[in-house]
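Chain residues, written in single-letter form:
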Amino acid sequence: MSEEDTAVDKDILAELDREASDYLKDAEISRILNAFKLDAYAILDLKPGVPESDIKLQFRRKSLLIHPDKTKNPQAPDAFDRLKKAQGVLMDEKARTRLDEAIADARMLLIREKKWTVDNPELTSEEFAVEWREKTKFVLIESELRRRKQVKAQMAEEGREKRKADEEIEARKRKRENEVAWEETRDQRINSWRDFKKGEGKKKKKAKPLG
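In the annotation of an unreviewed UniProt entry, the entry for the chain reads DnaJ-domain-containing protein, and the organism field reads Tuber magnatum.

A. Just the pattern of salt bridges, in detail. Using the criterion set out here, one finds 14 salt bridges in the structure. Across the salt bridge formed by E131 and K114, the nearest N and O atoms sit 3.0 Å from each other. Taken as a pair, E131 in helix α6 (residues 126-184) and K114 in helix α5 (residues 93-114) lie far apart in primary sequence, 17 residues in all. Across the pair E157 and R160 runs a salt bridge whose closest N-O atoms are separated by 2.6 Å.

B. Inspection of the side chain of E144 at higher detail. Secondary-structure assignment places E144 in helix α6. Side chain to side chain, E144 and R147 meet in a polar contact 2.7 Å long.

C. Just the packing of helix α4 (residues 76-91) against α5, in detail. Two numbers describe how α4 lies on α5: the axes approach to 5 Å, and their chain directions differ by 90°. As far as their axial angle goes, α5 and α4 are roughly perpendicular. For the pair α4 and α5, contact is made by V89, L90 and M91 and by E93, A95, R96 and L99, respectively. Of the residues contributing to the contact of α4 with α5, the split by class is 5 nonpolar, no polar and 2 charged.

D. Just the packing of aromatic side chains, in detail. Inspection of the entire model under this criterion finds 3 aromatic pairs. Here F59 and F80 contribute two aromatic rings whose centre-to-centre distance is 6.4 Å and whose plane-to-plane angle is 40°, an arrangement assigned as tilted. Residue F59 is found in helix α3 (residues 52-66), and its partner F80 is found in helix α4; the two are separated by 21 residues along the sequence. Each member of the pair F59 and F80 is classed as buried. Between the aromatic rings of W116 and F128, the centroid separation amounts to 5.9 Å while the plane-to-plane angle is 35°, which identifies the pairing as tilted.

E. Spatial organisation of the side chain of E28. Take E28: it is sitting in helix α1 (residues 3-34). E28 sits in the buried class, given a relative accessible area of 8%. For E28, the side chain forms a polar contact with the side chain of R31, separated by 2.8 Å.

F. Inspection of the layout of surface pockets at higher detail. Empty space within the largest pocket amounts to approximately 840 Å³. Along the wall of the largest pocket there are 28 residues; nearest its centre are K37, L38, L140, E144 and R147. At the level of elements, α2 (40-44), α4, α5 and α6 are the ones that each hand at least two residues to the lining of the largest pocket. Here the lining of the largest pocket is built from residues that sort into 13 nonpolar, 2 polar and 13 charged. Each of domain 1 (12-91) and domain 2 (93-175) contributes no fewer than three residues to the lining of the largest pocket. Estimated volume of the second largest pocket: approximately 650 Å³. Surrounding the second largest pocket, 23 residues form its lining, L46, K47, P48, A129 and R133 being those nearest its centre. Mapped onto the lining of the second largest pocket, the elements with two or more residues apiece are α1, α2 and α6. Of the residues that constitute the lining of the second largest pocket, the class distribution is 11 nonpolar, 4 polar and 8 charged.

G. Looking closely at α4. Over its 16 residues, α4 extends 22 Å from the first C-alpha to the last, a length consistent with the 22 Å expected when each residue adds 1.5 Å. The set of residues buried in α4 consists of A76, A79, F80, L83, A86, Q87 and L90. End-on, the buried residues of α4 take up no more than an arc of 120°, which puts them together on one face.

H. Molecular detail of α5. Compared with the 32 Å implied by 1.5 Å per residue over 22 residues, the 32 Å span of α5 between its first and last C-alpha is a close match. Restricting attention to buried positions, one finds in α5 the residues A95, R96, L99, A102, I103, A106, L110 and I111. In this fold, the buried residues of α5 make contact with α2, α3, α4 and α6. With a side-chain oxygen positioned 3.2 Å from the backbone nitrogen of K94, the residue opening α5 is D92. Where α5 ends, the next residue or the one after it, K115, has phi of about 60°, a positive value.

Conventions and cut-offs
Throughout this document, residue positions are counted from 1 along each chain, in the order its sequence is written. A pLDDT threshold of at least 70 governs which residues receive local features in this predicted model, and a stricter bar of 80 or more applies before side-chain atom pairs are shown or counted, although totals over entire chains, interfaces and linings include all residues. Hydrogens are left out, water is left out, and the side-chain values use all remaining heavy atoms of the structure. A pair is scored as a salt bridge if a Lys or Arg side-chain nitrogen falls within 4 Å of a carboxyl oxygen belonging to Asp or Glu. Secondary structure elements follow DSSP: runs of H or I of four or more residues count as helices, runs of E of two or more count as strands, with numbering from the N terminus. Counting of polar contacts relies on pairs of N or O atoms within 3.5 Å, with two restrictions inside protein: one atom must be capable of donating a hydrogen and the other of accepting it, and residues adjacent in sequence are counted only when both atoms are side-chain atoms. For helices, the fitted line uses only the C-alpha atoms of the stretch in contact; every axis is such a line through C-alpha atoms, and the angle between N-to-C directions lies from 0 to 180 degrees. Throughout this description, any angle smaller than 35 degrees is read as roughly parallel, any larger than 145 degrees as roughly antiparallel, any in the 65 to 115 degree range as roughly perpendicular, and the remainder as oblique. Any pair of residues with heavy atoms lying within 4.5 Å of one another is described as a contacting pair. Classification convention: Asp, Glu, Lys, Arg as charged; Ala, Val, Leu, Ile, Met, Phe, Trp, Tyr, Cys, Pro as nonpolar; all other residues, Gly among them, as polar. Pairs were defined over the aromatic rings of Phe, Tyr and Trp, the Trp ring being its six-membered one, requiring ring centres within 6.5 Å. Orientation was assigned from the angle between planes: stacked under 30 degrees, edge-to-face over 60, tilted for the rest. Burial classes: relative accessible area under 20% of the type maximum marks a residue as buried, over 50% as exposed, and values in between as partly exposed (1.4 Å probe, protein chains only). Grid spacing is 1 Å over the protein atoms alone, the probe is 1.4 Å, and a cavity is where that probe fits but cannot get out, while a pocket is an open set with protein on both sides within 12 Å along at least five of seven lines and lining residues have an atom within 4 Å of a point. Grid points are joined across faces, edges and corners, and a volume is the space filled by probe spheres set on the points. Each domain's extent is set by a domain assignment, obtained either automatically or from a database. One fewer than the residue count of a helix, multiplied by 1.5 Å, yields its expected span. Here, the arc refers to the directions that run from the helix axis to the C-beta atoms.

Put into structure tokens, the structure is as follows:
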């Protein structure tokens, strides 16, 4: 094989490597965007209960693969944003606890529905794992709906309180304006009263005696 042929082969292999790399990046971006948005574990492709160090390592691996600076895929920014938010959820103790509780609730719901015991060997099957993921989606959606309703109710209550506060402020403002207006017309009212009394006095003087 000539040196020219060897160079061509290297170029072809390099091109194939680039294509394979692009394929992997595109596939990962697609996987992230198709993962259930409320399940941070699914987005990061992790199993529940993993240590914090695994979360950090997985995020680094995935971010290096799909970072917008590393690929021309137009969906990379959205995928990277979801990846970052998922890591934020799992690194937040309260948020992760809520997610873990939802996943555990989904498991127990399935066990009750199937009338199994917690030591049933079917719990380790792939079929159960698939059902568990689907039930987790249901539980997370229900939880999110409740959260949004609470937020909406809270906003409505805050709106009512604000309107009430605004009305009280407006009422106090009108009261002050009336008090100022009353005070400003005080002299005018006094003068009017004096003029009225003077007029009454003149009428009495002009009155003719009876008989």
